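Now for the letters of each chain:
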Amino acid sequence: MAKKRKTKRKQPSRALVLWITALAAVLFCTALGLILYSCMSQPEPALPAADATEMTEESAPLNERDPKDFVFEDGFLRYPGAEAGIDVSTHQGLIDWEQVADAGVTFAIIRAGYRGSTEGKLYEDEQFQYNLNGAKEAGMKVGVYFFSQALTVEEAAEEAEYVLDLLDGEPLELPVYFDWEQIAGVSRIKYPGTLPLTEFSVAFCESVRQQGYTPGVYFNREYGYAYLDFVRLQNYELWLAEYGDNPTFRYRYDCLQYTDQGDIPGIETSVDMDLIFK
């Protein structure tokens, strides 16, 4: 009887074995990585809004005003106990201050001067003396501000001295404010984050205080959260620019600029409008 011939099983090729082995290794490592990640990673804690980052270890006094207590009436933003005002410069042209007062405006913050944004020279606002005298004669409380483009602490102090010379001892009911802002386009200031704006503010304010005036600092939400140390600014009046009818800035402020589109009799252009709380 004939013997049955044994059939040899076909063995997989070496290349196929290597490919399967590599694929298995990749799948194993991927699965292991996912397991380790799920075990070790923790969800990040909820952070405050990006513009609510505290810049100092020591906490600054918080704003305790309820946004719901602000209401618009007759073209003004109102808040219990706050006074209605405006801030102006030569850009508002020739103002009829009697009409402004009759419209219900009780205070004015007037630009005294500014530093050029390219060459850095100091200038008096073309309407400063007219606005200062007109607002006072209309019975308003008056403060002033200087539009700064300082690059050093020395320049900020120089700006304070310049304002003091312009005032020449003129009494004011409201503060002398330091207003540092970056101007878009061609400017000697490239990026505010590279400058010690708190130091600039302190230098300006202390020079003003030494001459008997109340010092203050103007800022918007971005500058307030990103560039200023509110612990160091607590000895000064704080003037916030936050537009709208429900301001939510985290820290204490004493004056609020809530629009740059105000319409007031006696002023031919739009105008910044403000509330002062004490």
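Quick note: structure is the one above.
Rules behind the numbers
- All residue numbers here refer to positions counted from 1 along the written sequence of the relevant chain.
- Where totals are concerned, whole chains, interfaces and linings use all residues; where local detail is concerned, this predicted model gives features only for residues with pLDDT of at least 70, and gives and counts side-chain atom pairs only at 80 or more.
- Values shown for side chains rest on all heavy atoms present in the structure; no hydrogens or waters enter the calculation.
- Helix numbering and strand numbering both begin at the N terminus, where a helix is a DSSP run of H or I of at least 4 residues and a strand a DSSP run of E of at least 2.
- The nonpolar core is taken to be a set of buried Ala, Val, Leu, Ile, Met, Phe, Trp, Tyr and Cys residues, with the residues joined through side-chain atoms within 4.5 Å.
- Here's how the labels work: a residue is buried when its accessible area is under 20% of the maximum for its type, exposed when over 50%, partly exposed in between, all with a 1.4 Å probe on protein chains only.
- In this analysis the probe radius is 1.4 Å and the grid spacing 1 Å, with only protein atoms considered; a cavity is a set of points the probe fits into but cannot get out of, a pocket is an open set with protein on both sides within 12 Å along at least five of seven lines, and lining residues have an atom within 4 Å of a point.
- Grid points are joined across faces, edges and corners, and a volume is the space filled by probe spheres set on the points.
- The contact rule is simple, with two residues in contact once any of their heavy atoms fall within 4.5 Å.
- Polar contacts, as used here, are pairs of N or O atoms within 3.5 Å; protein pairs need one atom able to donate a hydrogen and one able to accept it. Residues neighboring in sequence count only if both atoms are side-chain atoms.
- Stacked, edge-to-face and tilted are the three classes for Phe, Tyr and Trp ring pairs, Trp counted by its six-membered ring, which pair at centre distances within 6.5 Å; planes under 30 degrees apart are stacked, over 60 edge-to-face, the rest tilted.
- A side-chain nitrogen of Lys or Arg and a carboxyl oxygen of Asp or Glu constitute a salt bridge if their distance falls within 4 Å.
- Any two strands with at least two DSSP bridges between them are considered paired.

A. Representation of unusual backbone geometry in the model. Despite not being glycine, Asp74 has its phi angle at roughly 55 degrees, a positive value. Within the fold, Asp74 resides in the loop between strand 1 (71–73) and strand 2 (76–78). Positive phi outside glycine occurs at Asp168, with the angle close to 50 degrees.

B. Main features of the nonpolar core. By size, the foremost hydrophobic cluster in this structure holds 66 residues, and its most contacted members are Ile86, Trp97, Val100, Val176, Trp180, Phe219 and Ile264. With seven residues, the top contributor of residues to this core is helix 5 (residues 197–210).

C. Spatial organisation of the environment of Val231. Its location among the elements puts Val231 in the loop between helix 6 (221–226) and strand 9 (237–241). For the pair Val231 and Ser59, spaced 172 residues apart in sequence, the C-alpha to C-alpha distance is 6.9 Å.

D. Representation of the layout of surface pockets in the model. In this structure, the largest pocket spans a volume of roughly 370 Å³. Lining the largest pocket are 19 residues, with Asp87, Ser89, Tyr145, Gln257 and Asp272 positioned closest to its centre. Mapped onto the lining of the largest pocket, the elements with two or more residues apiece are strand 3 (83–88), strand 6 (141–148), strand 10 (255–262) and strand 11 (271–276).

E. Just helix 3 (residues 128–137), in detail. Residues of helix 3 that are buried include every one of Phe128, Asn131, Leu132, Gly134 and Ala135, and no others. Those residues of helix 3 that are buried lie in contact with strand 3, helix 2 (97–102), strand 4 (107–115), strand 5 (122–124), strand 6 and helix 4 (153–167). Remark: Gly139 follows helix 3 within two positions and exhibits a positive phi of approximately 90 degrees.

F. Broad picture of the environment of Arg65. Along the chain, the position of Arg65 falls in the loop between helix 1 (14–40) and strand 1. Overall, the relative accessible area of 19% leaves Arg65 in the buried class. Each C-alpha atom of the pair Arg65 and Arg252 lies 9.0 Å from the other, and the pair is 187 residues apart in sequence. A polar contact is formed between the side chain of Arg65 and the backbone oxygen of Tyr253, at a distance of 3.0 Å.

G. Just the packing of aromatic side chains, in detail. Here the structure, examined in full by the defined rule, presents 21 aromatic pairs. Taken together, a centroid distance of 6.2 Å and an interplanar angle of 70 degrees make the contact between Phe146 and Tyr162 edge-to-face. Remark: Tyr162 occurs in helix 4 and Phe146 occurs in strand 6; sequence separation between them is 16 residues. Its relative accessible area of 0% is what places Phe146 among the buried residues. Taking relative accessible area as the criterion, Tyr162 reaches 22% and is therefore assigned partly exposed. Pairing Tyr177 with Trp239 gives two aromatic rings, centres 4.7 Å apart and planes at 55 degrees, and the pair type is tilted. Residue Tyr177 is found in strand 7 (residues 176–180), and its partner Trp239 is found in strand 9; the two are separated by 62 residues along the sequence. Residue Trp239 is classed as buried on the basis of its relative accessible area, which comes to 1%. Grouped by ring-pair contacts, the aromatic residues Phe219, Tyr225, Phe230, Phe249 and Tyr251 constitute a single cluster.

H. Structural context of the pattern of salt bridges. Summed over all chains, the structure comprises 11 salt bridges. As a salt-bridge pair, Lys136 and Glu170 come within 3.2 Å of each other at their nearest N and O atoms. One end of the pair, Lys136, is in helix 3; the other, Glu170, is in the loop between helix 4 and strand 7, with 34 residues separating them in the sequence. Under the relative-accessibility criterion, Lys136 is labelled partly exposed at 23%. Salt bridges sharing partners connect three or more residues here, namely Arg115, Glu158 and Glu159.

I. Geometry of empty space enclosed by the protein. Summed over the entire model, instances satisfying the criterion amount to two cavities of 30 Å³ or more. As for the largest cavity, its lining consists of Phe178, Trp180, Leu197, Ser201, Val217, Tyr218, Phe219, Tyr223 and Leu228. Looking at the lining of the largest cavity, the elements with two or more residues in it are strand 7, helix 5 and strand 8 (215–220).

J. Broad picture of the side chain of Arg221. Position of Arg221 among the secondary structure elements: in helix 6. By relative accessible area, Arg221 is classed as buried at 19%. Among the polar contacts listed, one links the side chain of Arg221 to the side chain of Thr248, at a separation of 3.2 Å.

K. Fine view of the pairing of strand 4. The buried fraction of strand 4 amounts to nine of the nine residues, a majority that puts the element mostly inside the structure. Once strand 4 ends, the chain turns through six residues before running back antiparallel as strand 5, passing Gly120 with a positive phi of about 80 degrees.

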